[in-house]
Amino acid sequence: SGVWDKMKEFKEPIFIIGIPRSGTTILEELFTAHKDTAYFENYSARYHKRPSMFRFIPMLMKYQKFRYKIDRPKRSEGWVWDRFANSLDYLDESHVTEEMKNYFYNAIKYQLKAFNATRFVSKNPRNCMRIRWINHMFPNVSYIMIERDKKPVISSMYYGLKRYKKKWGDKFLKPPSSLRGFGYIKKMLGEDRSDMQTCVSFYELYRNALYKDLPIISDRTITLQYEEFVKDPRNTIKELYEFTHLDWYDELEKFIPKQLELGNNEKWKLLPDDEKKIMLEYTEKN
């Protein structure tokens, strides 16, 4: 169809994939620092249910830049990608509809126009559940896959869950998931479980879906280890830019640090004993 052909107009979109808390956010920050990249930002989120408004985003961002000197606004992806499914839904090619194609074509088109860029970047952990769907929707994507040791990933989920619970109290288990974090996931996976069991189940759900479908995109995927990436982010990013056909320019030197902190990789050791036991039983078996 016409929209199908139009999807191929986008010059090699870049999708960053990985299980939540694996380092996808820092990778996205380093990619969206590039002046030729666009991404979903706050206006996309605001109008995610009113796609007829997408066409005004370039004008709104122009005003924002003039009025507030904001050149690269805050990234905000969740609402747009949750327009047709939630974070626990598994999507494959059979779920692609004409409405979705139109929606995402326009969302991306106006975002590229707003940033005056040719490359669209997406980082969305939900994509672990949507590889086949993305592959069908966007036939010419380059994928960057980031992996991290299971223990810091699961413990980081656990600490995040605790943080959200403290912040939201009784409202914690109610959607929308974008505000309630793992509360929504806990509600869907079973409220009778301990917080750590919820995190392990969530990790397992995403990991199984991701690794089952990865082979179909292996020819367009580059994989990196978080633990190696943080030691030498600048050279790693240069390699990733090369893989995705993004040009390096001198100004990027100030955005991309020579080294990153290994971000709480040992924090799992501080978990409460009963929760740590649940996590270690899982990670040692898997």
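Everything discussed here concerns the structure shown above.
The model shown is predicted, which means the values in this text are computed figures rather than measured ones.

K.L.:
Lay out the overall build of the chain with the relevant residues and their values.
P.N.:
When you go through the chain residue by residue, the secondary structure sums to 14 helices and 5 strands. A compact globule built from 286 residues should have a C-alpha radius of gyration of about 19 Å, and the chain, at 19 Å, falls within 12% of that. Viewed in the frame of its principal axes, the chain has a C-alpha envelope of about 50 × 40 × 40 Å. Taken over 286 residues, the chain has a buried fraction of 54%. Taking the contacts inside the chain whose residues are at least 6 apart along the sequence as the reference set, 79% of them involve residues at least 24 apart. By element, 49% of the accessible surface of the chain is carried by carbon and sulfur atoms, the whole surface being about 14,200 Å². In the chain, the 52 positive side-chain charges and the 40 negative ones have mean positions that sit 7 Å from each other.

K.L.:
Just give me the short version of helix α11 (residues 195–213), but keep the residues and values in it.
P.N.:
Between its first and last C-alpha atoms α11 spans 28 Å; for 19 residues at 1.5 Å apiece the expected length is 27 Å, and the two agree. If you check which residues of α11 are buried, you get D195, M196, T198, C199, V200, S201, F202, Y203, Y206, A209, L210 and D213. Against the buried residues of α11 lie β1 (14–17), α7 (131–137), β4 (142–147), α8 (150–168), α10 (182–189) and α14 (273–285).

K.L.:
Before we move on, can you summarise the layout of surface pockets with the specific residues and values?
P.N.:
There is about 480 Å³ of room inside the second largest pocket. For the second largest pocket, the lining is made up of 22 residues, of which K35, K65, D71, R72 and F115 are closest to its centre. Contributing elements (two or more residues each) for the lining of the second largest pocket: α4 (57–68) and α6 (98–115). Tallied by class, residues from the lining of the second largest pocket come to 10 nonpolar, 4 polar and 8 charged.

K.L.:
Residues and numbers for the packing of helix α2 (residues 24–32) against helix α13 (residues 233–243), please.
P.N.:
It is the contact of α2 with α13, at a shortest axis distance of 11 Å, that shows an interaxial angle of 65°. On the basis of their axis angle, the class for α2 and α13 is roughly perpendicular. The element α2 and its partner α13 pack so that their crossing is right-handed. In this structure, α2 uses L27, L30 and F31 to contact α13, whose residues at the interface are P233, I237, L240 and Y241. In the contact of α2 with α13, the residues fall into 7 nonpolar, no polar and no charged.

K.L.:
Break down the sheet that holds strand β3 (residues 119–123) for me, citing the residues and quoting the values.
P.N.:
With parallel pairing, the 5 strands of this open sheet are ordered in space as β2-β3-β1-β4-β5. Each end of this open sheet is capped by a strand with a single partner; those strands are β2 (37–38) and β5 (221–225). Here α13 sits on the sheet and contacts β4 and β5; the angle it forms with β5, its principal contact strand, is near 170°.

K.L.:
Requested: an account of the nonpolar core, with residues and values cited.
P.N.:
Ranked by internal contacts, the top residues of the largest apolar core, which has 65 residues, are F104, W133 and F138. A per-element tally of this core places α6 first, with 10 residues. F138 has contacts with M7, F15, W81, F104 and I108, leaving out every residue within four places of it along the chain. Listed in part, the 20 residues of the second largest apolar core include F31, I144, Y249 and I256.

Reading the values: the criteria
- Residues numbered from 1 in each chain as written.
- Predicted model: local features only at pLDDT ≥ 70, side-chain atom pairs only at ≥ 80, totals over all residues.
- Heavy atoms only, no water.
- Helix = DSSP H or I, 4+ residues; strand = E, 2+ residues; numbered from the N terminus.
- Rg over C-alpha atoms; globule rule 2.2 N^0.38 Å.
- Buried < 20%, exposed > 50% of the residue type's maximum accessible area, 1.4 Å probe, protein only.
- Contact = heavy atoms within 4.5 Å.
- Areas by Shrake-Rupley, 256 points an atom, 1.4 Å probe, with all protein chains shown as cover.
- Lys, Arg positive; Asp, Glu negative; His and termini not counted.
- Charge placed at Lys NZ, Arg CZ, Asp CG, Glu CD.
- Expected span 1.5 Å × (residues − 1).
- 1 Å grid on protein atoms, 1.4 Å probe; cavity = no way out; pocket = protein on both sides within 12 Å on 5 of 7 lines; lining within 4 Å.
- Points joined across faces, edges and corners; volume = space filled by probe spheres on them.
- Nonpolar A, V, L, I, M, F, W, Y, C, P; charged D, E, K, R; others polar.
- Axes fitted to C-alpha atoms, helices over the stretch in contact; angles between N-to-C directions.
- Parallel < 35°, antiparallel > 145°, perpendicular 65-115°, else oblique.
- Left-handed = near helix turned anticlockwise from the far one by under 90°.
- Pairing = 2+ DSSP bridges.
- Core = buried A, V, L, I, M, F, W, Y, C linked by side-chain atoms within 4.5 Å.

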